[in-house]
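Summary of the model geometry
Now for the letters of each chain:
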Amino acid sequence: MKKIGIMTFYIPNYGSVLQGYASKTFLQKNGYEAVMLDSDRLGVSDEELAEAGNRHPECIEIYQNFLKSLTGNAAIVSEKSLACLADFIKEELSPEAHSIPELERIAATDEFAAFIIGSDQVWNVSLGIITKQFFLLFAPPEKRIPLCPSFGAGQIHEFLKEDLAEVLKQYERLSVREEDGVRIIKELTGRDAVRLADPTILLTPDEWREFAGVSPDDEKGYLLLHFLNAPNKIAVKNIRYLAETTGMPVRAFSTGYPEYEAIEGVEHIDGGPRDYVRIIANAGLVCTDSFHTTMFSINLDTDFYAFDRQYVHGVSEISRFTTLLNRYDLNERMILDEDFVPDPDHLKITKDRSSIRDEERNTAKNYLLQAIQDTVNSAE
């Protein structure tokens, strides 16, 4: 059985954890031994930081500001939910810890046939550093497979463009999650990257419902709130309107903000990744600033409205939503205008999502399986 290493985020964030789970599960179902590699959220060693600072002194301040911004994000998930996430990571992802030197040694042997990087924002170079960990620089180029990594934002620091272009040109194949990523790679390298949907698409809606234990006896028809940062004024105004108009009970999952106090009757719910998928599947309407919560709403045929996220690091990442909603022709489900009011007679999404989902799933599956097969064949 061929062993495939997966390097990705599995930070205390439901979407990050589940895209990693989806990749691992899909590979196992297709006859590979999938190994989640232990990763640091930023993946920056002291040596890499010093080296990057010598090459580009401006990156030090950028990196330090990024670290400060993460401090503001540290407590957005309740302790109970964090514990559930930690248990799931340990039991289901079971990451193996290796230092970069160890990975370099392992990658030079036949132990691993290939290494996958992605998805999520593993190529987010907003912090001004290209890391060995998240660009798989510890592995030979022929063993590196990018599985729709995201740059997060639509722009790259000017001082980093030449270095990034040099790294990207080493890849034998390139895929990204957003159209902005396709553009960035084309501008930097002249190459055409494949745009792929987030790896959570690799599992079907029925597989996700089975994973979550969705039952006919579950509570259904509530207004679900899942925000990764405090909801902005536009979100709060619309949530209040939707709650009053629909009469749905309001449930907030895993996070709590002072802004929720302006919304009457909010009940807070904690849980792990299975609970997260289940409450999205059973919701009558979802309000969120989370890319993955939007993605799961689409995958599970749940009605939703998405709102711009108030990123504490100050870098807009709205391109992730733009690509996703454009693909499904659901741009009207993103509320950015302060004067916009949802039409109570058109809260349900009537556009068919299944055919696009199937196409996205097949494209992602074919890309990944072919990339692995090409890598294996080249080594034989």
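Below is a summary of the structure that appears in this document. Being a predicted model, the structure only gives us computed values, none of them experimental. (Residues numbered from 1 in each chain as written. Predicted model: local features only at pLDDT ≥ 70, side-chain atom pairs only at ≥ 80, totals over all residues. Heavy atoms only, no water.)

With that out of the way, let us pick up the overall build of the chain. Helix and strand counts for the chain stand at 13 helices and twelve strands. Relative to the globule expectation of 21 Å for 380 residues, the C-alpha radius of gyration of the chain, 21 Å, shows essentially globular dimensions. Projected onto its principal axes, the C-alpha coordinates of the chain cover approximately 60 × 45 × 40 Å. Burial analysis of the chain (380 residues in total) assigns 57% to the buried set. Taking the intrachain contacts of the chain between residues at least 6 apart in sequence as the baseline, contacts between residues at least 24 apart amount to 77%. Of the accessible surface of the chain, which amounts to about 16100 Å², a share of 47% is contributed by carbon and sulfur atoms. Considering the chain, the positive charge centre built from 39 side chains and the negative charge centre built from 62 side chains are found 2 Å apart. (Helix = DSSP H or I, 4+ residues; strand = E, 2+ residues; numbered from the N terminus. Rg over C-alpha atoms; globule rule 2.2 N^0.38 Å. Buried < 20%, exposed > 50% of the residue type's maximum accessible area, 1.4 Å probe, protein only. Contact = heavy atoms within 4.5 Å. Areas by Shrake-Rupley, 256 points an atom, 1.4 Å probe, with all protein chains shown as cover. Lys, Arg positive; Asp, Glu negative; His and termini not counted. Charge placed at Lys NZ, Arg CZ, Asp CG, Glu CD.)

Across the sheet, which stays open at both edges, the four strands sit in the order β2-β1-β3-β4 with parallel pairing between neighbours. Strand pairing shows two members of the sheet lacking a second neighbour, β2 (33-36) and β4 (144-146), which therefore form its edges. When strand polarity is set aside, the average angle formed by the axes of neighbouring strands in this sheet is 25°. Most of the contacts of helix α1 (residues 14-29) go to β2, to which it runs at about 160°, and overall it touches β1 (3-7), β2 and β3 (114-117). (Pairing = 2+ DSSP bridges. Axes fitted to C-alpha atoms, helices over the stretch in contact; angles between N-to-C directions.)

Sheet architecture is open: six strands sit in the order β9-β8-β7-β10-β11-β12, paired in parallel fashion. One side of each edge strand has no neighbouring strand; the edge strands of this open sheet are β9 (266-269) and β12 (334-335). For strand β8 (residues 250-253) and β9, the ladder comprises four bridges, and the chain directions are parallel. The residue bridging F253 from the neighbouring strand is I269, located in β9.

Burial along strand β10 (residues 285-288) is two-sided: L285 and C287 facing one way and V286 and T288 facing the other are all buried. In this structure, strand β7 (residues 223-226) lies alongside β10, joined through four bridges in parallel fashion. Residue pairing in the sheet places L225 in a bridge with C287 of β10. Relative to strand β11 (residues 304-307), β10 is paired through three bridges, and the arrangement is parallel. For C287, the partnering residue across the bridge sits in β11 and is Y305.

All told, the structure shown has 25 salt bridges when counted by the stated rule. Its salt-bridge partner being E359, residue R327 comes within 3.0 Å of it at the nearest N-O pair. Of this pair, R327 sits in helix α12 (residues 319-327) while E359 sits in helix α13 (residues 354-379), placing them 32 residues apart in sequence. Owing to a relative accessible area of 25%, R327 belongs among the partly exposed residues under this scheme. Here E359 falls in the partly exposed class, since its relative accessible area comes to 45%. (Salt bridge = Lys/Arg side-chain N within 4 Å of Asp/Glu carboxyl O.)

A complete count under the given rule lists 19 aromatic pairs for this structure. Residues F88 and F211 carry aromatic rings whose centres are separated by 6.0 Å and whose planes lie at 90° to one another, so their mutual orientation is edge-to-face. With F88 in helix α4 (residues 79-93) and F211 in helix α8 (residues 205-212), this pair connects stretches of sequence that are 123 residues apart. Take F88: its relative accessible area is 5%, and that puts it in the buried class. (Phe/Tyr/Trp six-rings, centres within 6.5 Å; stacked < 30°, edge-to-face > 60°.)

Next up on the list: helix α5 (residues 100-107). In an α-helix, one turn spans 3.6 residues, which is why side chains three or four residues apart end up on the same side. All of the buried residues along α5 are L103, I106 and A107. Each buried residue of α5 lies within a common arc of 95° when the element is viewed along its axis, so the set occupies one face. With respect to the buried face of α5, the exposed residues turned more than 90 degrees away are P101 and R105. (Arc of directions from axis to C-beta.)

Before going further, it helps to spend a moment on helix α11 (residues 291-299). Burial within α11 is extensive, with nine of its nine residues counted as buried. Two to three positions downstream of the cap, the backbone nitrogen of H292 sits 3.3 Å from a side-chain oxygen, assigning the N-cap of α11 to S290. (Polar contact = N/O pair within 3.5 Å; in protein donor to acceptor, adjacent residues only side chain to side chain.)

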